[in-house]
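Examining the three-dimensional arrangement
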Amino acid sequence: MTLTILGIESSCDDTAAAVVRGTNVMSSIVYGQTALHADFGGVVPEIAARAHAEKIDHCVEEALDVAGITLDDIDGIAVTAGPGLIGGVLSGVMCAKGLAAATGKPLIGVNHLAGHALTPMLLKSVQFPYLMLLVSGGHCQFLIAHGHDQFTRIGGTIDDAPGEAFDKTARILGLGQPGGPAVQDAAATGDATRFKLPRPLMDRPGCDMSFSGLKTAMIRARDGVIVENQGLTKGDQADLAAAFQRAIADVLTEKTDRALTEYMSLSPAQPSFAIAGGVAANSEIRARLETLCADRGVIFSAPPLALCTDNAAMIAYAGGLRMQAGQLDDLKLSARPRWPLDDKTPAMLGSGKKGAKA
Ligand code: KG4
Ligand code: ZN
């Protein structure tokens, strides 16, 4: 039977609701909060939680309207139950519980990271097992997806996520937010070889990464130019942005190469690699990883941006898979700020702009 699932997502700074029937995304509504947090240089948890609570009901109504259905037509209600900012996750969980209690429909708590990690399945572009790189403002990890609730994390950042590093670099260079697109634009005309930036953890085996040191190196390089030339020209900005983007691309490419080696040892029937998260929009990073996969004979898949970044369609889809497997929750479902996909790996250090790293 093809299930019709309402999905709800509110773990960070996007309030989202969607209706998914099987692999058909009937609606996917996202209310972003970028403007609300713009003055603070990062997501303010209290502001985020209040905005989610205000918007979530409208968002659900809109998702149902656009899909052309009512709550009666829904088979289950899937909601992000973590990891993320606790106030936001709670807003979604409370909304979903209210709907489940009022309608008697099943409630399904979904791991936000599982939502991202299963998006290539929603798009039917891969088969299990596939290798996944989740790379955004809050996440950076390599996962091998074996099944809808079976993931092995084989590496990740030990401090900042790359998106966070892009955002900080934009601030250091006086470019706009969000930093990723601004740095990418500036880098387009830059010389990536003028400044030498570190490639952290490259000399260590394994797939772990570190990006916080790059920020300090960027400040030092920028200040060096300012002292020497009494200011920063557009050309300097472009060269610094290009050097930074090249450093991130080099690290992600080398670590993906290692992750692919580990993944290939499983002898997958149809070797596949998928990337998701906002940083997957970066054209240099995407092109480097695509070339790497082509060289290694691995299928490369990158969801369209609207499904790469936070959305509720991925939550509805992941919820549908859980429901099919009989993995339902009840009104005791709780919000979990930390919820690793693979609980056999040790907790990661640090906490990004978007809360604890899972
Ligand atoms: O997935 P996302 O929308 O939210 C989460 O962090 O979960 O990712 C947002 C992040 C931001 O840090 C943004 O700067 C980065 O993705 N980003 C990019 C690009 N577009 C967005 N980073 C590098 N290059 C881009 N073109
Ligand atoms: Zn996310």
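For the structure given in this document, a descriptive report is provided here. (Residues numbered from 1 in each chain as written. Chains lettered and ligands numbered in written order. Predicted model: local features only at pLDDT ≥ 70, side-chain atom pairs only at ≥ 80, totals over all residues. Heavy atoms only, no water.)

So, a nonpolar patch on the surface
There is a patch of nonpolar side chains on the surface, built from I86, L90 and M94 and spanning about 270 Å² of accessible area. Checked against the element boundaries, L90 lands in helix α3 (residues 86–103). Looking at L90, the relative accessible area reads 38%, which means it is partly exposed. (Patch = residues over 30% accessible without salt bridge, like charges linked within 9 Å, V, L, I, M, F, W, Y side chains within 5 Å. Areas by Shrake-Rupley, 256 points an atom, 1.4 Å probe, with all protein chains shown as cover. Salt bridge = Lys/Arg side-chain N within 4 Å of Asp/Glu carboxyl O. Helix = DSSP H or I, 4+ residues; strand = E, 2+ residues; numbered from the N terminus. Buried < 20%, exposed > 50% of the residue type's maximum accessible area, 1.4 Å probe, protein only.)

Describing the pattern of salt bridges
Counted by the stated rule, this structure contains 11 salt bridges. One salt bridge connects R194 with D236, and the closest N-O pair in it is separated by 2.9 Å. On the criterion of sequence distance, the pair formed by R194 in the loop between α6 (179–187) and α7 (212–229) and D236 in helix α8 (residues 234–264) is long-range, its members being 42 residues apart. On the basis of relative accessibility, which here comes to 37%, the residue R194 falls in the partly exposed class.

Overview of the pairing of strand β6 (residues 130–135)
The element β6 is extensively covered by neighbouring structure, given that 6 of its 6 residues are classed as buried. Neither face of β6 is open: one carries Y130, M132 and L134, the other L131, L133 and V135, and all of them are buried. One ladder, built from 6 bridges, connects β6 with strand β7 (residues 140–147); its direction is antiparallel. Within β7, the position partnered with M132 by the bridge is L143. Pairing geometry for β6 and strand β9 (residues 272–276), over 4 bridges, is parallel. Paired with M132 across the two strands is A274, which belongs to β9. (Pairing = 2+ DSSP bridges.)

A few points about the packing of α7 against α8
Packing of α7 against α8 brings their axes to within 11 Å, and their N-to-C directions diverge by 160°. What the angle tells us is that α7 and α8 run roughly antiparallel. The two elements α7 and α8 meet at a crossing, and its hand is right-handed. Where α7 abuts α8, its residues L214, M218, A221, R222, V225 and N229 lie against D236, L240, F244, A247 and I248. Across the contact of α7 with α8, the residue classes break down as 8 nonpolar, 1 polar and 2 charged. (Axes fitted to C-alpha atoms, helices over the stretch in contact; angles between N-to-C directions. Parallel < 35°, antiparallel > 145°, perpendicular 65-115°, else oblique. Left-handed = near helix turned anticlockwise from the far one by under 90°. Contact = heavy atoms within 4.5 Å. Nonpolar A, V, L, I, M, F, W, Y, C, P; charged D, E, K, R; others polar.)

So, the coordination of the zinc ion (ligand 2)
Only H112 (NE2), H116 (NE2), H139 (NE2) and D310 (OD) from the protein coordinate the zinc ion (ligand 2), and they sit 2.1 to 2.6 Å from it. Geometry at the zinc ion (ligand 2) is irregular, judged from the 4 donor atoms that bind it and their angles of 87 to 166° at the metal. Counting along the primary sequence, the residues that act as donors to the zinc ion (ligand 2) give the motif H-x3-H-x22-H-x170-D. Residue H112 is located in helix α4 (residues 112–122), and its partner H139 is located in the loop between β6 and β7; the two are separated by 27 residues in the primary sequence. For the pair H112 and H139, one class covers both residues: buried. (Donors = N, O, S within 2.8 Å, 3.2 Å for Na, K, Ca; no water. Tetrahedral: all angles 85-135°; square planar, octahedral: opposite > 155°, others 65-115°.)

Regarding the side chain of T157
Inspection of the secondary structure puts T157 in the loop between β8 (150–156) and α5 (162–172). A polar contact of 3.1 Å, which involves the side chain of T157, links it to the backbone nitrogen of D159. (Polar contact = N/O pair within 3.5 Å; in protein donor to acceptor, adjacent residues only side chain to side chain.)

Considerations on the packing of α5 against α8
α8 packs onto α5 with a crossing angle of 170° between their chain directions and a minimal axis gap of 11 Å. As the angle between them shows, α5 and α8 are arranged roughly antiparallel. Between α5 and α8, the contacting residues are P162, A165, F166 and T169 on the first element and F244, Q245 and I248 on the second. Across the contact of α5 with α8, the residue classes break down as 5 nonpolar, 2 polar and no charged.

Quick word on the environment of E46
Along the chain, E46 falls in helix α2 (residues 45–67). Judged by its relative accessible area of 53%, E46 falls in the exposed class. With 40 residues separating them in the primary sequence, E46 and I86 have C-alpha atoms 9.7 Å apart.

Some thoughts on the nonpolar core
Core analysis: the biggest nonpolar cluster contains 87 residues, and L131, F211, F244, I248 and F273 have the highest contact counts within it. Discounting residues that sit within four places of it in the chain, I248 has contacts with P162, A165, F166, F211, L214 and I285. Counting 27 residues, the second largest nonpolar core, distinct from the first, contains A17, M26, L64 and A67. (Core = buried A, V, L, I, M, F, W, Y, C linked by side-chain atoms within 4.5 Å.)

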